[in-house]
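Spelled out, the chains give:
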Amino acid sequence: MSENILVAVAWPYANAEIHAGNLVGSHLPADIIARYHRLKGNNVLMVSGSDSHGTPITVRADAEGISPVEVYKRFHEGFLELFQQVGITFDLFTSTHTTNHFKVSQTMFTTLLESGFLYKEKQLQWYSSAQERFLPDRYVEGTCYICGFDGARSDQCDHCGNLLEASKLLNPRSKIDGSTPELRETEHFFLDLSKLEKQVEAFLNERQDYWRPNVVRQSLGQIQTDGLHGRPITRDLKWGIPVPLEDWDEKCLYVWFEAVVGYLSASIEWSKLEGKDAAWRDWWKNQKARTLYFIGKDNIPFHAIIWPAELIGASEKFDEYYGESKKENFVLPYDVPANEFLNLEGKKISGSRNWAVWGKDFLSRYDPDPFRYYLTAIMPETRDSDWDWEEFYHRNNDELVATWGNLANRVLSFAFKHWEGIVPDPGELTEVDTELLKTVEECFNSVSVELEKVHLRAAMAEVMRLASEVNKYLDQTAPWKAIKEDRQEAARAIFVAMKAIDSLKILFSPFLPFTSQKLHEYLGNEGQLFGSQHLETIQDELGAHTVLRYDAQQACGEWKPSELQPGRKFVKPAPLFKKLDKSIIDVERDRLGK
Ligand SMILES: [Zn+2]
C-alpha cells in the first residue's frame with residue numbers, strides 16, 4: 001500500500017545565494033528521500049519556498065538601497081535556476097510573499113489567538129532615536145550573553161546557536177548606522193509555549209527513540225532544563241504579513257512564526273494549482289501520513305518545538321477558521337532529521353568572505369551528479385563535516401569514475417561491440433552468477449533500511465559497495481578473456497553484469513539522477529525514471545510570483561531489481577562521468593576567500 005510522505009524542506013532566506021552548506025543541510029537530503037519514495041510508489045509531496053520577509057531581507061534591501069521585493073525576487077529567481085540544475089525536485093517551491101501564504105499564516109494566528117494560546121505583553125525592544133524606529137532582530141548586533149561571541153544578532157547567536165532575548169544582548173549596536181540603540185517599551189503577541197509544554201514534551205518523548213540524538217538533545221533537553229516560555233511572534237516591522245487585528249498595522253508576524261506555516265500554505269497552494277483544493281489534507285490531516293522536515297541544526301528549536309506547538313495549539317480549530325467542512329487534527333512531524341554543519345577546507349563557511357562553494361558557480365564548471373555524490377558522501381548527519389577539494393577530486397576519480405562509471409561503460413561497450421547492441425543470451429547461470437544477482441536483490445532491502453532512517457551516507461556507501469562486488473565478479477569471470485575461447489561463457493558474465501548494472505542504476509538514482517537517466521537510455525529503455533520540473537508564474541493580489549513545479553506523469557522508475565531479458569536492444573554507451581585533472585585542487589583552493 002502506498003504511503004503519503006510529506007517532504008518539508010527548510011525555507012532559504014532570499015537574501016543570499018545558496019552554497020554547498022545550504023544544499024547539504026536540507027535541499028539535497030530532502031530530494032534524495034523524495035526520489036526514493038517516488039520510486040517506491042508512495043505519494044510524495046515535497047514543498048518549500050523562499051523566505052521573503054523579515055529583517056534578513058530588509059537589512060540587505062537597506063544596504064543596497066532597493067526595495068525588499070527586489071531583493072527577494074532576485075535571489076528567488078536564482079534559487080529556481082539552481083534547483084533545476086542540481087535536480088531538487090520540489091512539487092512546489094514558492095515564496096512567503098503570496099496572498100495564499102498571508103491568508104494561511106493569518107488564519108494560524110487567529111486560530112491560536114481564539115484558542116487561548118497567544119497573549120499580549122509589553123517588552124523592551126532596541127530603538128533608534130536617530131531613525132525613530134524600532135530595530136528588531138538583525139538590525140542589532142552585539143555580544144552574546146551566553147557564549148561571549150561578539151557578532152551575535154539580537155535574536156540568535158550564530159556561534160553557540162542559542163536563541164537570544166534581544167534586551168539582554170551586550171554592547172548592542174545598530175546595523176544601520178553603528179549607533180548605540182536604547183531600550184523602549186513595545187507591545188507584542190506571544191505564543192504561550194508554557195501552556196503547550198506538556199503536549200510538546202509528550203510529542204518528543206514518542207519520537208526520541210528514532211530521532212537523531214542531537215535533535216532530541218536540543219529539543220527535549222531544552223524542556224527538561226529550562227522549560228518552555230512565551231515567545232514573541234510579532235515584530236515592529238512593516239515588511240511582512242500584517243497582524244490581522246485592528247490598530248496593529250505597524251507590526252507584522254515574526255518571520256519565524258510564519259515561515260514554518262509555509263509548509264502548510266505551500267501544500268495548500270500546490271493543491272489549488274493541481275485543481276484539487278482538499279488534496280493537502282492527505283498529508284496534513286491523515287494521521288497515517290509521514291511528514292519529514294529537512295533542516296540544518298540551527299533550525300532545530302523552530303521545527304522540533306515551535307512548529308509542533310503551533311500545530312498542537314491550532315489543531316482541528318484551524319479548519320473552522322479556514323472555512324473547511326471537515327474538522328481534523330494536524331499531523332505532527334514524524335521526523336526532523338536535522339543535519340550538522342558543513343565546513344570548507346577546515347574553516348567555517350562564510351558567504352560574506354566568499355569562503356564558500358556556491359551552487360551555481362560550481363555547476364558552471366562541473367556536472368550536478370558529482371556534486372550530489374560528494375555532498376552525500378560527506379553529509380554532516382551526526383557531526384560537522386568538511387568539504388575538501390582534494391577529497392572531491394579523489395572521490396570523483398576513484399569512486400564515481402573508477403568504480404561505478406567505468407564498470408557501466410566497460411560492460412556496455414564490450415557488449416555493444418560483441419553482440420551488436422542486443423543483450424546476449426546467458427544460457428544456464430552458474431552458482432557464482434546467481435550469488436551475485438541475489439546480492440543485488442538484497443541490496444534493495446539494505447539500502448531501503450538506511451533510507452527509511454534517513455542515513456543517506458550509509459545508504460549510498462552500500463550502493464557503491466555493490467558496484468565493487470560487480471567489479472569483483474567481472475575480475476573473476478573475465479569475459480574479456482573468455483570471449484576468445486568460449487563465447488557463451490563471456491555472454492553469461494556480460495548478461496549478469498548488465499542485469500546488475502540495470503539494478504544499480506535504480507539504486508543510485510535518488511543520489512545520481514542525471515547519470516542514472518543516461519544509463520537507463522543506454523540500456524535501451526524509453527521513458528524517464530523521474531518526472532520533470534518546470535516554472536510557472538502565478539498572479540495574485542500581491543503581484544506575480546514564479547514557482548518551480550514537478551510533474552510526475554511521465555515517471556517510470558521503480559524501486560525493484562532489474563528484469564532485463566536477453567534479446568533486448570540497447571545503444572552505444574558513453575562515459576557517465578568525467579575524470580578530473582589534479583590541477584583543479586589548487587585552482588579551486590585559490591578561488592576561496594577572494
Ligand atoms: Zn552565543
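This is a predicted model, so every value here is computed, not measured.

Engineer: Tell me about the pairing of strand β17 (residues 532-540), residues and numbers included.
Structural biologist: Judged from the nine bridges that link them, β17 and strand β18 (residues 543-551) form a sheet pairing that is antiparallel. Its bridge partner being in β18, L535 is matched across the sheet by L548. If you look at the hairpin formed by β17 and β18, you'll find two residues sitting between the two strands.

Engineer: Which residues make up the coordination of the zinc ion, and what values do they have?
Structural biologist: Note on the zinc ion: its protein donors are C144 (SG), C147 (SG), C157 (SG) and C160 (SG). The metal-donor distances range over 2.3 to 2.4 Å. Its four donor atoms give the zinc ion angles of 107 to 115 degrees at the centre, a pattern that matches the tetrahedral case. All donor residues of the zinc ion come from one chain, and their arrangement in sequence is C-x2-C-x9-C-x2-C. On the criterion of sequence distance, the pair formed by C144 in the loop between β6 (140-143) and β7 (150-153) and C160 in the loop between β7 and β8 (170-174) is long-range, its members being 16 residues apart. We classify C144 as buried; its relative accessible area is 2%.

Engineer: Before we move on, could you go through helix α7 (residues 255-274) and cite the residues and values that matter?
Structural biologist: The end-to-end C-alpha distance of α7 is 27 Å, a good match for the 28 Å that 20 residues give at a rise of 1.5 Å each. In terms of residue burial, α7 counts as a mostly covered element, since 17 of its 20 residues are buried.

Engineer: Could you give me a rundown of the nonpolar core, with the residues and numbers involved?
Structural biologist: Across soluble globular proteins, nonpolar side chains show a tendency to be buried alongside one another. By size, the foremost hydrophobic cluster in this structure holds 117 residues, and its most contacted members are F371, W387, W389, W404, L451, M498 and L504. Considering every element that reaches this core, the biggest residue donor is helix α17 (residues 487-508), with 14 residues. The contact partners of W404, leaving out residues within four places of it in the chain, are E399, M464, A467, I501, L504, K505, F508, L512, L519, L576 and F577. Core analysis: the second largest hydrophobic core is formed by 66 residues, L193, V216, I268 and W270 among them.

Quick notes on the rules
Residues numbered from 1 in each chain as written. Predicted model: local features only at pLDDT ≥ 70, side-chain atom pairs only at ≥ 80, totals over all residues. Heavy atoms only, no water. Pairing = 2+ DSSP bridges. Helix = DSSP H or I, 4+ residues; strand = E, 2+ residues; numbered from the N terminus. Donors = N, O, S within 2.8 Å, 3.2 Å for Na, K, Ca; no water. Tetrahedral: all angles 85-135°; square planar, octahedral: opposite > 155°, others 65-115°. Buried < 20%, exposed > 50% of the residue type's maximum accessible area, 1.4 Å probe, protein only. Expected span 1.5 Å × (residues − 1). Core = buried A, V, L, I, M, F, W, Y, C linked by side-chain atoms within 4.5 Å. Contact = heavy atoms within 4.5 Å.

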